[in-house]
Amino acid sequence: MLNRIVGQSNLLVSEIGLGCMSLGTEEKMAKRVIEAALEEGINYFDTADLYDFGVNERIVGNTLKNVREQVVIATKVGNRWNESGTSWNWDPSKHYIKEAVKRSLARLGTEYIDLYQLHGGTIHDNIDETIEAFEELKSEGYIRYYGISSIRPNVIREFVKKSNMISVMMQYSLLDRRPEETVLSFLKEEEVSVFCRGSLAKGILSEKKWDDFSSSIKEKGYLDYSASELNDLLSSLRNKFDSRHLTEVATQYCLANPAVASVVTGASTPEQIRKNVLAAKSPALSNEELELLKQLSKASTYQEHR
């Protein structure tokens, strides 16, 4: 497994990372998945305090405790559960972040977090206060670096302009090329790395057959694609790239962008881990193949303030 540097930091992360949200709360199986990831050379593990009311952080931390110095643990903050646990509120305040990090550290069983990420955000937040919280946590040794998880270009640009963040986690795939139109080149120029999620577009860009997709996708399509457009595109992709699995094509498309540090994929079984890693280890796409993929798929733009 190849590693890539994250932004202007000394973090080296595997080209495939494990998004831990889909691990579930059955600890024995979750540990099997994490251990399979380690065996395959994955060193980046992404969780959040929101996932399963913190249980996800506990499982991740407990499983990785014996290899703590060899892995990069990322978690997120900003979504605050209400007392009943039925919903959460957005809270990017300095006070909340500095209290929440202590609970995450306790659940993870570690003295520091490698990458602490704001789990969302809007342009109307007090961004200066949020950045101040992260900078203080760095100076106090609780976190090594920080970033944001966001799909909003205006928020991303504001954080890049004002902070020392090293990364952005965002949705990006062959079927969702909006980041290409707005922020990927900008982030590359600013030496801020991208952690890519959603590379398989809810499993559409995998070996699943059309009949196995959800009824919603079969009826409504996906993002800018109607159901018929999506079906036609998948047929074209399989015809043009008949010697490769679609998972490989989708993964290599994301890895080809120079702003991307890692493609973060979810997995609920060791077998899924191995398939994701094989996709990352497959041959890179040629310039001609990349151009063909861009011709076949749609480019679109974000609404700036959505």
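If you're wondering where the values come from, they're calculated on a predicted model, not measured in any experiment. (Residues numbered from 1 in each chain as written. Predicted model: local features only at pLDDT ≥ 70, side-chain atom pairs only at ≥ 80, totals over all residues. Heavy atoms only, no water.)

Asker: Just to check I follow, could you spell out the overall build of the chain for this structure?
Answerer: Summing up its helical and strand segments, the chain has 12 helices and 12 strands in all. Computed over the C-alpha atoms, the radius of gyration of the chain is 19 Å, within 12% of the 19 Å expected from 2.2 N^0.38 for a compact globule of 306 residues. In terms of overall dimensions, the chain has a C-alpha envelope of 55 × 40 × 40 Å along the principal axes. Taken over 306 residues, the chain has a buried fraction of 55%. For the chain, contacts bridging at least 24 residues in sequence account for 75% of all contacts bridging at least 6. (Helix = DSSP H or I, 4+ residues; strand = E, 2+ residues; numbered from the N terminus. Rg over C-alpha atoms; globule rule 2.2 N^0.38 Å. Buried < 20%, exposed > 50% of the residue type's maximum accessible area, 1.4 Å probe, protein only. Contact = heavy atoms within 4.5 Å.)

Asker: In this structure, what is going on with the side chain of Thr182? I would like to understand it.
Answerer: Within the fold, Thr182 resides in helix 6 (residues 178–182). The buried category is assigned to Thr182, whose relative accessible area is 17%. Within the local environment of Thr182, its side chain forms a polar contact with the backbone oxygen of Arg178, the two atoms lying 3.4 Å apart. (Polar contact = N/O pair within 3.5 Å; in protein donor to acceptor, adjacent residues only side chain to side chain.)

Asker: Please explain the nonpolar core as it appears in this structure.
Answerer: Generally speaking, nonpolar side chains in soluble globular proteins are found buried as a group. Counting residues in hydrophobic clusters, the biggest one holds 79 residues, and the most contacted among them are Leu18 and Tyr116. Ranked by size, the runner-up nonpolar core spans 13 residues in total, among them Leu11, Val72, Leu115 and Ile166. (Core = buried A, V, L, I, M, F, W, Y, C linked by side-chain atoms within 4.5 Å.)

Asker: When you look at the environment of Trp90 in this model, what are you seeing that I'm missing?
Answerer: Inspection of the secondary structure assignment puts Trp90 in strand 7 (residues 88–90). Sequence spacing of Trp90 and Ala280 is 190 residues, and the spatial spacing of their C-alpha atoms is 35 Å. Once you skip the residues sitting within four places of it in the chain, Trp90 turns out to touch Val77, Gly78, Asn79, Leu118, His119, Gly120, Gly121 and Asp125. In terms of polar contacts, Trp90 uses its side chain to reach the side chain of Asp125, at 3.0 Å.

Asker: Whenever I open this one, the packing of aromatic side chains confuses me. Can you help?
Answerer: Here the distance between the centres and the angle between the planes together describe a pair of aromatic rings. Applying the stated rule across the entire model yields 5 aromatic pairs. When the centroid spacing of 5.0 Å and the interplanar angle of 10° are considered together, the rings of Phe134 and Tyr146 count as stacked. Of the two residues, Phe134 sits in helix 4 (residues 127–139) while Tyr146 sits in strand 9 (residues 143–149), which places them 12 residues apart along the sequence. Both residues of the pair, Phe134 and Tyr146, count as buried. Measuring from centroid to centroid gives 6.2 Å for Tyr172 and Tyr253, while their planes differ by 45°, and the two rings are tilted. (Phe/Tyr/Trp six-rings, centres within 6.5 Å; stacked < 30°, edge-to-face > 60°.)

Asker: What is the right way to look at the pattern of salt bridges in this model?
Answerer: Any two side chains of opposite charge can pair, so long as their charged atoms come close to each other. Applying the stated criterion across every chain yields a total of 20 salt bridges. Glu229 is the partner of Lys298 in a salt bridge, and the nearest nitrogen-oxygen pair spans 3.1 Å. You can see Lys298 sitting in the segment after helix 12 (287–296) and its partner Glu229 sitting in helix 9 (residues 227–240), a full 69 residues away along the chain. When its relative accessible area of 29% is taken as the criterion, Lys298 is described as partly exposed. Here the salt bridges do not stand alone but share partners, grouping Lys94, Lys98, Glu132, Glu136 and Glu140 into one network. (Salt bridge = Lys/Arg side-chain N within 4 Å of Asp/Glu carboxyl O.)

Asker: Sorry if this is basic, but what is going on with the pairing of strand 11 (residues 193–197) here?
Answerer: A large share of strand 11 lies buried, amounting to 4 of its 5 residues. The pairing of strand 10 (residues 167–171) with strand 11 spans 5 bridges and is parallel. Looking at strand 11, one finds that Ser167 is bridged to Ser193. Strand direction decides the pairing type here: strand 11 and strand 12 (residues 260–266), joined by 3 bridges, are parallel. In the sheet register, Cys196 faces strand 12, and the bridge partner there is Val263. (Pairing = 2+ DSSP bridges.)

Just geometry here; none of it tells us what the structure is for.
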